[in-house]
Amino acid sequence: MNPAPDVPSTAYVPKDLPLGVSPVLYAISVPADRVPTAAQIALGDKLFNDKRLSADDSTSCATCHDPKAGFVDHKNTSEGIRKQKGQRNAPTVLNAMFNATQFWDGRAATLEAQAKLPILNPVEMGQKSPEDVVAKVRKIPEYVDAFKSVFGRDVNYDDLAVAIASFERTQFAGDAPFDHFIMGEENAIDAAAKRGWALFNGKGRCNTCHAGNAVSPLFSDQKFHNIGIAAHKQDFPQLAREAVSIVNSGDQKQIDELAIQSKFSELGRFLVTKQVNDVGAFKTPTLRNVALTAPYMHDGSLPTLFDVMDHYNKGGVPNPYLDGGMQRLGLTEPEIDDLVAFMASLTSAKFAAFGKSELARMNGLKNTRPNRDTAVAMGKKGDLGDIAPTPDIKAKNPASDGVFGEFVLTDGGR
Ligand code: HEC
Ligand code: HEC
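Here the structure is a predicted model, which is why all the values come from computation and not from measurement. (Residues numbered from 1 in each chain as written. Chains lettered and ligands numbered in written order. Predicted model: local features only at pLDDT ≥ 70, side-chain atom pairs only at ≥ 80, totals over all residues.)

(A) Looking closely at the overall build of the protein. Across its full length, the protein carries 17 helices and two strands. The buried share of the protein, taken over its 414 residues, is 46%. Sequence-distant contacts, at least 24 apart, represent 70% of the contacts inside the protein between residues at least 6 apart. (Helix = DSSP H or I, 4+ residues; strand = E, 2+ residues; numbered from the N terminus. Buried ≥ 20, exposed ≤ 12 C-beta atoms within 10 Å, placed from the backbone. Contact = placed C-beta atoms within 7 Å.)

The following block contains the structure:
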């Protein structure tokens with residue numbers, strides 16, 4: 001990687017950013033008036049961990065984003081008040097300040113806008129309205145005083161979100177063995193992880209969507225792709241047709257409820273843009289600290305990093321909206337191990353012990369791999385027409401390959 005270009009002199013950037021957190025990215029991601037103060041951070045930390053923000057004192061942000069466990073809950077999909085299950089897997093809050101958009105479908109533009117939604121979501125923290133939240137917090141004397149001293153005014157919903165976002169803007173993911181390696185410490189990662197990094201940028205083609213470089217060190221392009229996760233279980237065209245009529249009038253709160261509580265969740269980015277090409281597309285997640293955040297994908301359907309590799313190796317799951325970047329890879333089992341070793345080298349030093357135990361756990365599950373399909377991955381079976389042997393077009397009409405004509409949307413989307 002090349003050294004990061006200079007940061008504009010007007011931007012404020014903390015001096016003690018961990019290795020792997022780009023000052024350039026900090027400057028463009030943290031608005032000048034949102035550089036957190038110590039008092040805002042302390043208040044935000046307290047709010048993030050306070051179950052009293054929920055309707056029945058049972059659930060805080062930390063319930064689903066446990067600071068000790070990589071800021072996730074390790075459930076397939078999250079569980080909020082009264083044990084209600086949502087439809088989506090909790091992403092980490094580490095480095096969330098650098099996300100171009102928040103949520104798997106990007107439906108919130110900022111950390112502040114994001115923080116306001118789970119508190120009001122009926123299956124997450126269950127408050128009825130911002131006014132209810134504010135009324136409840138105003139009855140807690142320590143907060144009345146804290147808001148006065150931090151913001152100079154009474155408790156209100158906007159300031160509450162600012163405080164939480166300020167805390168989140170201190171939760172970096174950096175200082176991983178990989179960062180030391182890429183800055184020149186040759187032995188910071190082992191040979192397997194080095195081979196994995198080469199595969200990541202080569203045969204594995206991971207860098208098409210998860211590129212990492214000095215300016216954008218997140219291992220995410222911040223775009224939305226259908227990689228065939230939702231295709232496991234849904235009839236997309238039918239769902240899309242139904243959804244269009246519902247979401248056309250939708251405000252942000254309604255979209256939030258569709259995403260968290262309804263079967264339409266699987267439509268992903270489409271709920272936000274209503275563009276047919278976004279059906280089943282989800283945001284490319286960061287890979288920093290990915291060893292800590294199992295299970296994987298927007299629905300938590302892949303239990304380990306080995307299952308993730310099996311999914312990619314066979315080219316995803318065919319569906320009419322599958323991203324063109326998805327092709328079977330023909331990776332061998334040792335190559336899969338190397339890619340997993342590379343991903344594990346992205347664990348921040350402060351989580352090293354937890355990362356190690358998670359990796360050991362996943363290694364223990366290596367022989368239960370329902371997503372593995374070696375014949376497809378190696379091009380010996382299936383109709384994807386990519387790395388398979390040159391197709392015999394006399395034997396088989398290539399128009400029948402893939403899923404082109406099968407599911408064209410006839411109405412509904414645009
Ligand atoms: C019941 C569990 C639950 C609670 C409580 C909860 N979250 Fe989340 N959080 C999730 C899930 C699930 C998602 C992904 C939802 C989606 O993308 O549709 C998410 C997404 C996020 C994201 C976006 C990250 C990204 O990479 O896009 C941030 C930031 C976040 N939550 C912070 C918070 C904060 C702050 C609170 C408290 C005000 C909170 N969460 C409360 C489960 C929860
Ligand atoms: C076409 C773009 C694309 C390519 C190529 C790609 N990814 Fe992804 N990756 C995504 C998207 C989008 C998701 C989330 C999908 C979802 O949940 O529906 C994802 C999810 C993941 C996750 C789960 C992370 C989490 O927090 O749940 C891992 C791990 C991962 N990718 C690793 C890889 C590796 C390794 C490769 C190369 C073998 C790769 N990806 C290639 C776009 C891509």
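After that view, the rundown keeps rolling.
(B) Just the site of ligand 2, in detail. Near ligand 2 lie 25 residues; those nearest to it are Cys206, Cys209, Ile229, His298 and Gly325. Counting only elements with at least two residues in the shell around ligand 2, the list comes to α10 (207–210) and α14 (305–313). Its residues placed into classes, the shell around ligand 2 shows 15 nonpolar, eight polar and two charged. (Near = placed C-beta within 6 Å. Nonpolar A, V, L, I, M, F, W, Y, C, P; charged D, E, K, R; others polar.)

(C) Local environment of the site of ligand 1. Taken together, 28 residues sit near ligand 1, with Cys61, Cys64, Gly80, Phe103 and Trp104 positioned nearest. Secondary structure elements with two or more residues in the shell around ligand 1: α3 (61–64), α4 (111–120) and α12 (252–261). In terms of residues, the shell around ligand 1 owes the most to one element, α4, which gives five residues. Considering only residue class, the shell around ligand 1 consists of 17 nonpolar, nine polar and two charged.

(D) Fine view of the packing of α14 against helix α15 (residues 333–344). Across the interface, α14 lies against α15 with an axial gap of 10 Å and an inter-helix angle of 125°. When the axis of α14 is compared with that of α15, the two are oblique. Every pair of crossing elements has a handedness; the one defined by α14 and α15 is right-handed. Here Leu305, Phe306, Met309 and Asn313 of α14 come into contact with α15, specifically with Ile336, Leu339, Val340 and Met343. Residue composition of the contact of α14 with α15, grouped by class: seven nonpolar, one polar and no charged. (Axes fitted to C-alpha atoms, helices over the stretch in contact; angles between N-to-C directions. Parallel < 35°, antiparallel > 145°, perpendicular 65-115°, else oblique. Left-handed = near helix turned anticlockwise from the far one by under 90°.)

(E) Focus on the environment of Met326. Within the fold, Met326 resides in the loop between α14 and α15. Sequence-distant contacts of Met326, defined by excluding residues within four places in its chain, comprise Ile227, Gly228, Gly315 and Gly316.

(F) Examining α15 more closely. An ideal rise of 1.5 Å per residue puts 16 Å on 12 residues; α15 measures up with 17 Å between its terminal C-alpha atoms. Considered for burial, the residues of α15 that qualify are Ile336, Asp338, Leu339, Val340, Ala341, Phe342, Met343 and Ala344. Where α15 is buried, its residues meet α9 (191–201), α14 and α16 (352–364). (Expected span 1.5 Å × (residues − 1).)

(G) Looking closely at the confidence of the model for the protein. In this model, the protein carries an average pLDDT of 88, and 88% of its residues clear a pLDDT of 70 or more. Note that residues 401–414 has pLDDT below 50 and, in this model, 23 contacts with residues that lie over four places away or in other chains. (pLDDT = per-residue confidence, 0-100.)

(H) Representation of the environment of Leu339. With respect to the helices and strands, the residue Leu339 is situated in helix α15. It is 8.9 Å that separates the C-alpha atoms of Leu339 and Lys194, two residues lying 145 residues apart in sequence. Those residues in contact with Leu339 that lie beyond four places of it in its chain are Gly196, Leu199, Phe200, Gly204 and Met309.

(I) Seen up close, helix α2 (residues 38–48). Among the residues of α2, Gln40, Leu43, Gly44, Leu47 and Phe48 are the ones counted as buried. Considered in projection along α2, the buried side chains sweep an arc of 135° and stay on one side of the axis. Buried residues belonging to α2 abut α3, α6 (141–151) and α7 (157–168). (Arc of directions from axis to C-beta.)

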